Amino acid sequence: MAETALPVALDRESAEPLAVQLADALRSAASEGRLRAGDRLPSTRALADSLGVSRTVTAAAYEQLHAEGWIAGRHGSGTYVTTTPPGPLRKRSRKPVVPAITDFVDLGTGAPWAGGLDRAAWRRAWRAAADTPPLSRPERAGLPEYREVIAEHLLRHRGLAVNAGPVLATGGTTAVLTEIAVAVLERGDAVAVEEPGYQRAVGVFKANGLEVVQAVVDAEGLLPDAVPAGVKAVYCSPAHQYPLGGRMSAGRRVALVERARRDGWLVIEDDYDGELRYDVAPLPSLAALAPDVVVHLGTTSKILTPTLGAGWMVAPEHIATAVLEHRDLTGTSPAAAGQRVVVELARTGDLGRHLRKLRRELSERRALIVGTFAEAGIEVLGDDAGAHVVVPLPGAEQEREVMRAALERGLRVDGLGRHFVNRARWHGLAIGYSACSREQLVSALPVLIELITASG
């Protein structure tokens, strides 16, 4: 049975805990018939990802509803709304009820253009990947042929000249950040993270006992002079800062690595959207500028699909050695299946063809959004790159209201507020354009313009 879409909007500025808000929303939906008996709910992990909250929030909400009898788990098949609701729900007048919508247009950030993958090429790659003998022992560093493909990819698309030796396969950015947090850094170490920035990185560092401090960003990326003293590492996304969409200027790149050398920092470069530039060639990676102090991270999540679980790391030798020792100690290694698929896509030329198609399609979609918004007098922030744009709004209230109204109209959009650890300093929408179809995007733009204009 398919999972039920949950029209839930959380108020991050409210004093009421997010878990309580979520439980209230689901309880209301079940009581009012918008969730029906037998409806299957998303897993706590999937719901946390869709709402942009921690899994602790969704798990706590589910536990409360399970204790009250609103939901029940079936072993091996998920969580479902109960057959008989436990009783009438006391009406709450704090928020208007969000109507039930089952067909959302996904305008969230961080998703790939999976619909653009050539299905025939995809099937060929998987068949070829399956037609290889199983490994008797895992390749802790990754399959040699995969590491060679990534080295070639980095040279062609990112201007980073390395051989396969320093390249390690990873299970993706979040997975390798966990390895770095455990194998390279020590509990209590301070790590600077962009503010606003990638909250999964924040979660990984905190979960592994690291102190997270904020590093201010603006339109040109992270400000090196604003990084607090005493940190052991700095996490940043210089190619296309997430979520504001700027590119770290050349001067700041030089200043960042110079300070890293002087103060003994490790710079963790998340090459987010590094392959997706549409105006000019991307600036060289930080790893190309300072391979002695930079760990370069990349993934196939945005150019192919996150379901492959295939990423890479290029790091100084002592960092790579520490990660490999950690894998030996824990018996972990990145899965070979996704690596083999990437190898086959590269071997046949299908990966290169897909990247060219991807850049062309996303460039056209971005131009469509920017042009349409410009005609309506709406400002758009961010470089000509990546798969989302940012539209500033006057304040937190307007951001929440536009997101809520968009949800009621069947559009799921992202807000800037959730990307801050501390109180948000900027407000607006981060509008993704890769997870939906072009037809859905065209139909969504007039609705977004109406809602943004009404917000002032």
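Let me sum up the structure you'll find in this document.

Cut-off values and rules
Residues numbered from 1 in each chain as written. Predicted model: local features only at pLDDT ≥ 70, side-chain atom pairs only at ≥ 80, totals over all residues. Heavy atoms only, no water. Buried < 20%, exposed > 50% of the residue type's maximum accessible area, 1.4 Å probe, protein only. Helix = DSSP H or I, 4+ residues; strand = E, 2+ residues; numbered from the N terminus. Pairing = 2+ DSSP bridges. Right-handed = clockwise from strand over helix to strand, strands pointing away. Polar contact = N/O pair within 3.5 Å; in protein donor to acceptor, adjacent residues only side chain to side chain. Contact = heavy atoms within 4.5 Å. Expected span 1.5 Å × (residues − 1). Axes fitted to C-alpha atoms, helices over the stretch in contact; angles between N-to-C directions. Core = buried A, V, L, I, M, F, W, Y, C linked by side-chain atoms within 4.5 Å. Domains from an automatic or database assignment. Parallel < 35°, antiparallel > 145°, perpendicular 65-115°, else oblique. Left-handed = near helix turned anticlockwise from the far one by under 90°. Nonpolar A, V, L, I, M, F, W, Y, C, P; charged D, E, K, R; others polar.

**Overview of the pairing of strand S9 (residues 233–236)**
Burial along S9 is two-sided: the face carrying Ala233 and Tyr235 and the face carrying Val234 and Cys236 are both buried. Direction of pairing for S9 relative to strand S10 (residues 266–270): parallel, over a ladder of four bridges. Residue pairing across strands places cysteine 236 opposite glutamate 269, the latter belonging to S10. After leaving S9, the chain enters helix H8 (residues 250–263) and then returns to the sheet as S10, a path that is right-handed.

**Quick look at the side chain of glutamate 361**
Note that glutamate 361 resides in helix H12 (residues 350–375). Accessibility expressed as a relative area gives 13% for glutamate 361, which makes it buried. A distance of 2.9 Å separates a polar atom in the side chain of glutamate 361 from a polar atom in the side chain of arginine 438. Apart from the residues lying within four places of it in its own chain, the contact partners of glutamate 361 are Trp113 and Arg438.

**Side note on helix H13 (residues 396–408)**
Taking 1.5 Å per residue as the helical rise, H13 with its 13 residues ought to reach 18 Å, and the 18 Å between its terminal C-alpha atoms agrees with that figure. Along H13, the residues classified as buried are Ala396, Glu399, Val402, Ala405, Ala406 and Leu407. Residues of H13 that are buried sit in contact with strand S14 (411–415), strand S15 (428–432) and helix H14 (438–454). Note on H13: the residue one or two positions beyond its end, glycine 410, has a positive phi of about 90°.

**Thoughts on the sheet that holds strand S12 (residues 311–314)**
On the basis of which strands lie adjacent, the open sheet formed by eight strands has the order S5-S12-S11-S10-S9-S6-S7-S8 and mixed pairing. This sheet does not close on itself; its edge strands, each paired only once, are strand S5 (167–170) and strand S8 (221–222).

**Section: the sheet that holds strand S13 (residues 388–392)**
Adjacent strands of a sheet form backbone hydrogen bonds with each other and so pair up, either parallel or antiparallel. With mixed pairing, the four strands of this open sheet are ordered in space as S4-S14-S15-S13. Every interior strand has two partners, whereas the edge strands, strand S4 (105–107) and S13, have only one. Ignoring strand direction, the axes of neighbouring strands in this sheet form an average angle of 30°. The sheet contacts of H13 involve S14 and S15, and relative to S14 the element is tilted by about 160°.

**Quick word on the nonpolar core**
Ranked by internal contacts, the top residues of the largest apolar core, which has 80 residues, are Leu107, Tyr146, Leu222, Phe373 and Ile452. When residues in this core are grouped by element, the largest group, eight residues, is from H14. Of the domains in this structure, domain 2 (105–110 + 352–455) and domain 3 (118–350) are the two that each give at least three residues to this core. For leucine 222, the contacting residues outside a window of four places in its chain are Glu194, Ala215, Val216, Val217, Val227, Val234, Tyr235, Cys236, Met248, Arg252 and Leu256. Core analysis: the second largest hydrophobic core is formed by 29 residues, Val176, Leu177, Leu185 and Ala315 among them.

**Re the packing of helix H5 (residues 144–158) against helix H11 (residues 336–347)**
When two helices pack together, you describe them by how their axes are tilted relative to each other and by the distance separating the axes. Two elements in contact, H5 and H11, have axes whose closest approach is 9 Å; the angle formed by their N-to-C orientations is 50°. As judged from the angle between their axes, H5 and H11 are oblique. Both H5 and H11 take part in a crossing whose hand is left-handed. Contacts between H5 and H11 involve Glu145, Tyr146 and Val149 from the first element and Gln339, Val342, Val343 and Ala346 from the second. For the contact of H5 with H11, the per-class residue count stands at five nonpolar, one polar and one charged.

**Quick look at the pairing of S13**
For S13, the tally of buried residues reaches four of five residues, placing the bulk of the element in the interior. As defined by bridge partners, S13 adjoins S15 across five bridges and the pair is classed as antiparallel. Its bridge partner lying in S15, valine 391 is registered against leucine 429.

**Some remarks on the environment of alanine 61**
Position of alanine 61 among the secondary structure elements: in helix H3 (residues 55–68). In this structure, the C-alpha to C-alpha distance between alanine 61 and alanine 25, residues 36 residues apart in sequence, is 9.9 Å. Beyond its immediate chain neighbours, meaning those up to four positions away, alanine 61 contacts Ala19, Leu22 and Ala23.

**What to know about the environment of aspartate 263**
Residue placement: aspartate 263 occurs in helix H8. Judged by relative accessible area, aspartate 263 falls into the partly exposed class, the value being 37%. Sequence separation of aspartate 263 and glycine 230 is 33 residues, and the distance between their C-alpha atoms is 8.1 Å.

**What to know about helix H1 (residues 18–31)**
The end-to-end C-alpha distance of H1 is 20 Å, a good match for the 20 Å that 14 residues give at a rise of 1.5 Å each. A large share of H1 lies buried, amounting to ten of its 14 residues. Where H1 is concerned, the buried positions are Ala19, Gln21, Leu22, Ala23, Asp24, Leu26, Arg27, Ser28, Ala29 and Ala30.

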